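# Fold and contact review
Below are the chains, spelled out letter by letter.
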Amino acid sequence: MERDVQLPLTKEFVKQLKVGDVLYLSGYVYTCRDAAHKRIQDLLEAGEESPLDWTNQLVYYAGPCPPQPGQVFNSNGPTTAARMDPFVEMMFKLGVVAFLGKGDRAPYVADLCKKYGGVSLLGVGGASAINAARIKSAEVVLYPELGTESIKKLYFDRFRVIVGIDTEGNVLQKQEVAKYKRD
């Protein structure tokens, strides 16, 4: 199924999604990669709160290149999601409902999606210029010293993604690969 989706997402909405659904996302998202996740984890372990309200947010695993003069955004593609797997449960507990990256996830991520009622979305790798054209604004909101790994607030305009793991714990890669295996 294909559909246009206005962000932010809600738990009620993501429960309707099934692996393989194609979504065209419009609205604000936050980028967050390894270093920023680690900083948030360190704050929480120190008894502090996250500096952002992650409720109903979509986290985009991306470290976009700085824009050229006159550009809103430079080439950008989703980062390999598996690198952020150790932080998925922490982010679900903070209220995140969706993650966007590329590639396979650890098996426990599907269990966490089921437990917390969230989804993992797949972006198209190798389509950096197309992705960048779908981002209409970008603002560094946290950790500017991390450069490309700073947390940024982006505005997506019909950014294309595929549901990779749904709230029932189904995994697109498992289902699709099984179709082509020979006994």
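In what follows, the structure referred to is the one given above.
Conventions and cut-offs
- Residues numbered from 1 in each chain as written.
- Predicted model: local features only at pLDDT ≥ 70, side-chain atom pairs only at ≥ 80, totals over all residues.
- Heavy atoms only, no water.
- Buried < 20%, exposed > 50% of the residue type's maximum accessible area, 1.4 Å probe, protein only.
- Helix = DSSP H or I, 4+ residues; strand = E, 2+ residues; numbered from the N terminus.
- Pairing = 2+ DSSP bridges.
- Core = buried A, V, L, I, M, F, W, Y, C linked by side-chain atoms within 4.5 Å.
- Polar contact = N/O pair within 3.5 Å; in protein donor to acceptor, adjacent residues only side chain to side chain.
- Contact = heavy atoms within 4.5 Å.
- 1 Å grid on protein atoms, 1.4 Å probe; cavity = no way out; pocket = protein on both sides within 12 Å on 5 of 7 lines; lining within 4 Å.
- Points joined across faces, edges and corners; volume = space filled by probe spheres on them.

Most of strand S2 (residues 22–31) is tucked away, with 9 of its 10 residues classed as buried. Direction of pairing for strand S1 (residues 2–6) relative to S2: parallel, over a ladder of 5 bridges. When the bridges of S2 are listed, Arg3 appears paired with Leu23. As paired strands, S2 and strand S7 (residues 151–165) are joined by 9 bridges and run antiparallel to one another. Counted as the bridge partner of Tyr28 is Tyr155 from S7. Summarising the sheet, S2 and strand S3 (residues 58–60) pair through 2 bridges and their orientation is parallel. Its bridge partner being in S3, Thr31 is matched across the sheet by Tyr60.

On to the nonpolar core. Of all hydrophobic cores here, the largest spans 28 residues; its most connected members are Trp54, Val59, Phe99 and Ile151. Of all the elements in the fold, those that place two or more residues in this core are helix H2 (34–45), helix H3 (88–93), helix H4 (107–116) and S7. By size, the runner-up hydrophobic cluster in this structure holds 23 residues, among which are Phe13, Leu100, Leu121 and Val161.

With respect to the helices, strands and loops of the structure, Ser26 is situated in strand S2. Among the residues examined, Ser26 registers a relative accessible area of 12% and is labelled buried.

Within the secondary structure layout, Ser150 lies in the loop between strand S6 (135–142) and S7. On the basis of relative accessible area, Ser150 is assigned to the buried category, the value being 1%. Among the polar contacts made by the side chain of Ser150, one reaches the side chain of Lys152 at a distance of 2.7 Å. When sequence neighbours within four positions are dropped, the list of residues in contact with Ser150 reads Thr31, Val140, Leu142, Tyr143 and Pro144.

Below, the discussion takes up empty space enclosed by the protein. On inspection of all chains with the given rule, the structure shows 1 cavity of 30 Å³ or more. Counted as a void, the largest cavity has a volume near 30 Å³. In this structure, the largest cavity is lined by Gly103, Arg105, Ser120, Leu122, Gly164, Ile165 and Gln173. Listed by contribution, the elements that provide at least two residues to the lining of the largest cavity are strand S5 (119–122) and S7.

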